[in-house]
Amino acid sequence: MPIGILGSLAVCTVLYILFSHVLTGVAPYADFNGPGKEASVTYAIKTYMIGYEWLGTAINIAILAGFSSVMLVMLMGQSRVFYSMSNDGLLPKVFSVLHPKFKTPYKSNLILMVFVGLFGAFIPESIVGNLTSIGTLFAFVLVSAGVWIMRRSDPTRPRPFKTPLVPLVPILGIIICLAMIVGLPGSTLFIALLWMIIGLLIYFGYSRHQSKLKAGGEILPHSSDFDKR
């Protein structure tokens with residue numbers, strides 16, 4: 001698994017660099033901060049590759065298909081995250097209700113579908129994209145810090161995969177991700193801060209008092225719990 005993850009990251013990095021090199025050879029890089037900002041590939045093709053406008057349309061269709069699959073997988077993953085949090089008591093029980101036949105957190109999926117659908121329908125694309133970026137980058141900051149802290153606080157824990165060069169790698173990860181966060185628009189940082197405050201209010205107002213970890217109870221559900229739901 002580590003080889004697959006790190007190998008795919010290396011391959012994707014090389015492909016992104018090569019693609020950027022080709023794209024800036026087709027169109028001036030300054031265009032991508034202006035008229036070609038939102039759909040740079042399609043803009044470059046339709047503006048500078050006369051006779052290949054059909055290719056731009058085909059790429060748009062491919063991008064939409066790719067985005068749809070990514071969003072579907074992320075929503076499926078998010079419902080499982082909420083399911084685990086609900087089992088711990090951090091979220092209401094509705095998020096851990098399983099479908100009687102398929103044994104999936106279907107109510108969590110439905111709630112996320114409505115919420116994310118409304119969010120995507122009424123919030124500008126640029127803001128949604130930037131908020132997604134800042135959320136992912138901040139998660140990477142926390143993961144990097146967690147690796148460093150756990151390596152010092154619990155060095156004897158069995159680890160199938162160990163991050164090399166600790167604390168250098170976690171520190172570099174934190175610095176790079178924070179630098180990318182700072183580079184985002186100020187409005188995005190402000191909205192992200194508000195969103196974090198809302199999350200903290202939910203945690204300290206509800207989750208902290210309902211947590212089974214705090215109460216010393218069991219987190220993992222039993223088969224009997226599935227039958228009740």
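Every value quoted in this text rests on a predicted model; they were computed, and no experiment measured them. (Residues numbered from 1 in each chain as written. Predicted model: local features only at pLDDT ≥ 70, side-chain atom pairs only at ≥ 80, totals over all residues. Heavy atoms only, no water.)

> Which residues make up the state of the cysteines, and what values go with them?
Here the structure, examined in full by the defined rule, presents 0 disulfides. Note on Cys 12: no disulfide assigned, nearest cysteine sulfur contributed by Cys 177 at a separation of 17 Å. Looking at Cys 12, the relative accessible area reads 38%, which means it is partly exposed. (Disulfide = S-S within 2.5 Å. Buried < 20%, exposed > 50% of the residue type's maximum accessible area, 1.4 Å probe, protein only.)

> Can you lay out the side chain of Thr 188 for me, pointing to particular residues and giving the numbers?
If you trace the backbone, Thr 188 turns up in helix α7 (residues 186–210). Not counting chain neighbours up to four residues away, the residues in contact with Thr 188 comprise Asn 130, Leu 131 and Ile 134. (Helix = DSSP H or I, 4+ residues; strand = E, 2+ residues; numbered from the N terminus. Contact = heavy atoms within 4.5 Å.)

> If you had to explain the layout of surface pockets to someone new, which residues and values would you point to?
Computed from the structure, the second largest pocket encloses a volume of approximately 960 Å³. Taken together, 27 residues form the lining of the second largest pocket, with Val 143, Ser 144, Val 147, Thr 163 and Val 169 sitting closest to its centre. When residues of the lining of the second largest pocket are traced back to their parent elements, those giving at least two are α1 (2–26), α5 (125–153) and α6 (168–182). Of all the elements, α5 adds the most residues to the lining of the second largest pocket, at 10 residues. Counted by class, the lining of the second largest pocket contains 17 nonpolar, 6 polar and 4 charged residues. (1 Å grid on protein atoms, 1.4 Å probe; cavity = no way out; pocket = protein on both sides within 12 Å on 5 of 7 lines; lining within 4 Å. Points joined across faces, edges and corners; volume = space filled by probe spheres on them. Nonpolar A, V, L, I, M, F, W, Y, C, P; charged D, E, K, R; others polar.)

> Account for unusual backbone geometry, naming residues and giving values.
Backbone phi values are negative for most residues with the exception of glycine, while trans is the configuration of most peptide bonds. A cis amide bond links Val 166 to the next residue, Pro 167, at an omega of 15 degrees. One non-glycine residue, Lys 103, adopts positive backbone phi at about 60 degrees. Inspection of the secondary structure puts Lys 103 in the loop between α3 (53–88) and α4 (106–122). Even without a glycine there, the phi angle at Leu 165 is positive, about 55 degrees. For Leu 165, the location among the structural elements is in the loop between α5 and α6.

> Please give an account of the nonpolar core that cites residues and values.
Core analysis: the largest hydrophobic core is formed by 9 residues, namely Leu 131, Ile 134, Leu 137, Val 141, Ile 174, Cys 177, Ile 181, Leu 184 and Ala 192. Residue assignment for this core shows that the elements contributing at least two residues are α5 and α6. Sort the elements by how many residues they give to this core and α5 lands first, with 4 residues. Those residues in contact with Leu 131 that lie beyond four places of it in its chain are Phe 119, Thr 188, Ile 191 and Ala 192. Grouped together as the second largest cluster of nonpolar side chains are 7 residues, Leu 23, Ala 27, Tyr 43 and Ala 44 included. (Core = buried A, V, L, I, M, F, W, Y, C linked by side-chain atoms within 4.5 Å.)

> Go over the environment of Tyr 16, please, and point to the residues and values.
The topology assignment puts Tyr 16 in helix α1. Under the relative-accessibility criterion, Tyr 16 is labelled exposed at 62%. Linking Tyr 16 and Met 49, residues 33 residues apart in sequence, is a C-alpha distance of 21 Å.

> So, the packing of helix α2 (residues 40–48) against α3: which residues are in play, and what are the values?
Contact pair α2 / α3: the axes reach a minimum separation of 8 Å and the direction vectors enclose 170 degrees. The orientation of α2 relative to α3 falls into the category roughly antiparallel. For the pair formed by α2 and α3, the contact residues are Val 41, Thr 42, Ile 45 and Lys 46 on the first element and Glu 53, Leu 55, Gly 56, Thr 57, Ile 59 and Asn 60 on the second. Its residues assigned to classes, the contact of α2 with α3 shows 4 nonpolar, 4 polar and 2 charged. (Axes fitted to C-alpha atoms, helices over the stretch in contact; angles between N-to-C directions. Parallel < 35°, antiparallel > 145°, perpendicular 65-115°, else oblique.)

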